[in-house]
Amino acid sequence: MKLGLQLGYWGATPPAGVGALVQAAEDAGFDAVFTAEAWGSDAFTPLAWWGRETNRIKLGTSIVQMSGRSPASIAMHALTLDHLSNGRVILGMGVSGPQVVEGWYGQPFARPLARTREVVEIVRKVLAREAPVTNVGPHYPLPYTGPGSTGLGKPLKPIVHPLRADLPIWLGAEGPKNVAQTAEIADGWIPIFYTPKSAAMYSEWLDEGFARPGARRTRADFDIAATCHLHVSGSAEESAMVRGALKPMVALYMGGMGAQDQNFHKAVFERMGYADLAQRVQDLFLAGRKDEAAACIPDGLVDDLHIIGTPSQIRDKVAAWADTGVTTLVLSCRTPEEVARVAEVAGGRHRQQAAGDVVVDPLLVLGCLAHADEVQPGRRAVDDPLQ
């Protein structure tokens, strides 16, 4: 099992101490570091800034929002950073949701699967640099010849020769059609609520994509980078405290993300068998009763979504995730010490938890605090950019 460090996206101000975290991750043997974006900080700039002091660790986006840039612009960012990092970029992309796409980027959200396919195709054409890039559309026609065009656009190849003609593209996807398409056209998948118990549901969707004519990968060489919180606990009481601290985050995603009638995360929980719970949590959350919504989340669901326990329990749970096809666990850590401890335990090298070790604040997983004040009673919930 490979480990990834999730830096997320920024809250109101740039976070402190990130450079030390990234260096600790490289020193501890983490495979990659990931950044995200919402409607504030972007994903590429922090990777360039904090990655400049590293030599080995991969630099991934988890995720870049496709509607925020043209496909050619995404490819330009990726090929530039890939040169600067000597071939360490993982390009993770996703469609986000209608509130962000239409409200922040001013772009239509319709037909997200077709748009995703076009973006991936154009990015690959740019990186291959085999011919001037063209695309018939309809979402991203190149050259553009629609309303307002001058008719002077011409197909172009990138001036810079990409370091790698085929760098890895991972996609964030949740629904069955999106997951199947990801297995067909991408090199990896970034699920947000993948768990060992839900693996069978996802496997059916993935297998549909792998079986399609022209699929790029098979299950044997396809990456699954699952995000969860991993906490090394010294006692049952500490484990209970961590579960309690994670419940508001679960409730936020279950009931507070997206519009009331279009919450992609709620739909995932419904498919996992929590339809009644998801509806109750959403009703409470949107009524401003967030504490009650969090109290509805059962301990068992938190244990399914995250990895909490003693070192031996964590090693068993990590092995269970690996058995379902997960190749990378993407984790958030607050301190270099936490990075080292997680690497030791998840990698099978146990050291006794020392008194005074910092306990991770689990609510910072995925940058959820950036959303926490966005949902107000009587208002529509916010969109989550990681769907």
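Structure first, text after, so check above.
Given the structure is predicted, the values throughout are model-derived calculations rather than measurements.

A description of the overall build of the protein chain should follow, citing residues and the corresponding values.
A tally of helices and strands in the protein chain yields 14 helices and eleven strands. Residue burial in the protein chain is summarised as follows: out of 387 residues, 52% are buried. For the protein chain, the proportion of contacts with a sequence separation of at least 24, taken over those separated by at least 6, is 74%. On the protein chain, roughly 16,200 Å² of surface is accessible, and the fraction owed to carbon and sulfur atoms is 54%.

A description of the packing of helix H2 (residues 44-51) against helix H3 (residues 71-84) should follow, citing residues and the corresponding values.
For the pair H2 and H3, the least separation of the axes is 11 Å and the interaxial angle reads 5 degrees. When the axes of H2 and H3 are compared, the pair comes out roughly parallel. Contacts between H2 and H3 involve Phe44, Leu47 and Ala48 from the former and Ile74, His77, Ala78 and Leu81 from the latter. Along the lines of polarity and charge, the residues of the contact of H2 with H3 split into six nonpolar, one polar and no charged.

Can you lay out the side chain of Glu37 for me, pointing to particular residues and giving the numbers?
Among the secondary structure elements, Glu37 is positioned in the loop between strand S2 (32-35) and H2. Judged by its relative accessible area of 2%, Glu37 falls in the buried class. A distance of 2.9 Å separates the side chain of Glu37 from the backbone nitrogen of Ala43, its partner in a polar contact. A distance of 2.8 Å separates a polar side-chain atom of Glu37 from the backbone nitrogen of Gln65.

Can you lay out the packing of aromatic side chains for me, pointing to particular residues and giving the numbers?
Under the definition given, this model contains nine aromatic pairs. Judged by centre distance (5.7 Å) and plane angle (80 degrees), the rings of Trp189 and Tyr194 are edge-to-face. The exposure class assigned to Trp189 is buried, which follows from its relative accessible area of 0%. The class of Tyr194 is buried, set by a relative accessible area of 2%. A centroid spacing of 5.6 Å and a plane angle of 15 degrees characterise the contact between Tyr194 and Tyr202, whose relative ring orientation is stacked. Taking relative accessible area as the criterion, Tyr202 reaches 2% and is therefore assigned buried. Seen from the ring of Trp49, Arg52 lies directly overhead, with NZ or CZ sitting 4.1 Å from the centre. Sitting above the plane of the Phe109 ring, Arg115 keeps its charged end 5.4 Å from the centroid.

Explain the layout of surface pockets to me, using residue names and the numbers behind them.
For the second largest pocket, the calculated volume is near 340 Å³. Ala72, Met76, Leu156, Lys157 and Pro158 are, among the 16 residues lining the second largest pocket, the residues nearest its centre. When contributions to the lining of the second largest pocket are tallied by element, the ones reaching two or more residues are H3 and helix H5 (112-128). The class makeup of the residues in the lining of the second largest pocket is 13 nonpolar, one polar and two charged.

Please give an account of the pairing of strand S8 (residues 223-227) that cites residues and values.
Across the five residues of S8, five count as buried, placing the element largely inside the fold. Here S8 shows no split at all, with Asp223, Ala225 and Thr227 on one side and Ile224 and Ala226 on the other all buried. In terms of strand pairing, strand S7 (residues 188-190) meets S8 through two bridges, oriented parallel. Counted as the bridge partner of Trp189 is Ile224 from S8. Crossover S7 to S8 through helix H7 (residues 199-210) is right-handed. Sheet topology places S8 next to strand S11 (residues 328-331); three bridges connect them, and they run parallel. In the sheet register, Thr227 faces S11, and the bridge partner there is Val330.

Tell me about H7, and name the residues and values.
Taking 1.5 Å per residue as the helical rise, H7 with its twelve residues ought to reach 16 Å, and the 16 Å between its terminal C-alpha atoms agrees with that figure. Along H7, the residues that are buried comprise Ala199, Met201, Tyr202, Ser203, Trp205, Leu206, Gly209 and Phe210.

Tell me about the pairing of strand S5 (residues 89-94), residues and numbers included.
Most of S5 sits out of view: six of its six residues are buried. Burial along S5 is two-sided: the residues Val89, Leu91 and Met93 and Ile90, Gly92 and Gly94 are all buried. The pairing of strand S3 (residues 58-61) with S5 spans two bridges and is classified as parallel. By the bridge assignment, Leu59 is partnered in S5 with Val89. Inspection of the sheet shows strand S4 (residues 64-65) paired to S5 by two bridges, in the parallel sense. Paired with Gln65 across the two strands is Gly94, which belongs to S5. As for the winding sense of the linkage, the β-α-β connection from S4 through H3 to S5 is right-handed. One ladder, built from three bridges, connects S5 with strand S6 (residues 169-172); its direction is parallel. Paired with Leu91 across the two strands is Ile169, which belongs to S6.

Before we move on, could you go through the packing of H5 against helix H6 (residues 176-185) and cite the residues and values that matter?
At their nearest, the axes of H5 and H6 sit 11 Å apart, and the two run at 15 degrees to each other. By the criterion of interaxial angle, the relationship of H5 to H6 is roughly parallel. Between H5 and H6 lies a crossing of right-handed hand. Each of Leu113, Thr116, Arg117, Val120 and Arg124 in H5 lies in contact with H6, whose residues at this interface are Lys177, Asn178, Gln181, Glu184 and Ile185. For the contact of H5 with H6, the per-class residue count stands at three nonpolar, three polar and four charged.

The rules behind these values
- Residues numbered from 1 in each chain as written.
- Predicted model: local features only at pLDDT ≥ 70, side-chain atom pairs only at ≥ 80, totals over all residues.
- Heavy atoms only, no water.
- Helix = DSSP H or I, 4+ residues; strand = E, 2+ residues; numbered from the N terminus.
- Buried < 20%, exposed > 50% of the residue type's maximum accessible area, 1.4 Å probe, protein only.
- Contact = heavy atoms within 4.5 Å.
- Areas by Shrake-Rupley, 256 points an atom, 1.4 Å probe, with all protein chains shown as cover.
- Axes fitted to C-alpha atoms, helices over the stretch in contact; angles between N-to-C directions.
- Parallel < 35°, antiparallel > 145°, perpendicular 65-115°, else oblique.
- Nonpolar A, V, L, I, M, F, W, Y, C, P; charged D, E, K, R; others polar.
- Polar contact = N/O pair within 3.5 Å; in protein donor to acceptor, adjacent residues only side chain to side chain.
- Phe/Tyr/Trp six-rings, centres within 6.5 Å; stacked < 30°, edge-to-face > 60°.
- Lys NZ or Arg CZ within 6 Å of the ring centre and 35° of its normal.
- 1 Å grid on protein atoms, 1.4 Å probe; cavity = no way out; pocket = protein on both sides within 12 Å on 5 of 7 lines; lining within 4 Å.
- Points joined across faces, edges and corners; volume = space filled by probe spheres on them.
- Pairing = 2+ DSSP bridges.
- Right-handed = clockwise from strand over helix to strand, strands pointing away.
- Expected span 1.5 Å × (residues − 1).
- Left-handed = near helix turned anticlockwise from the far one by under 90°.

Function cannot be read off these values alone, since they describe shape.
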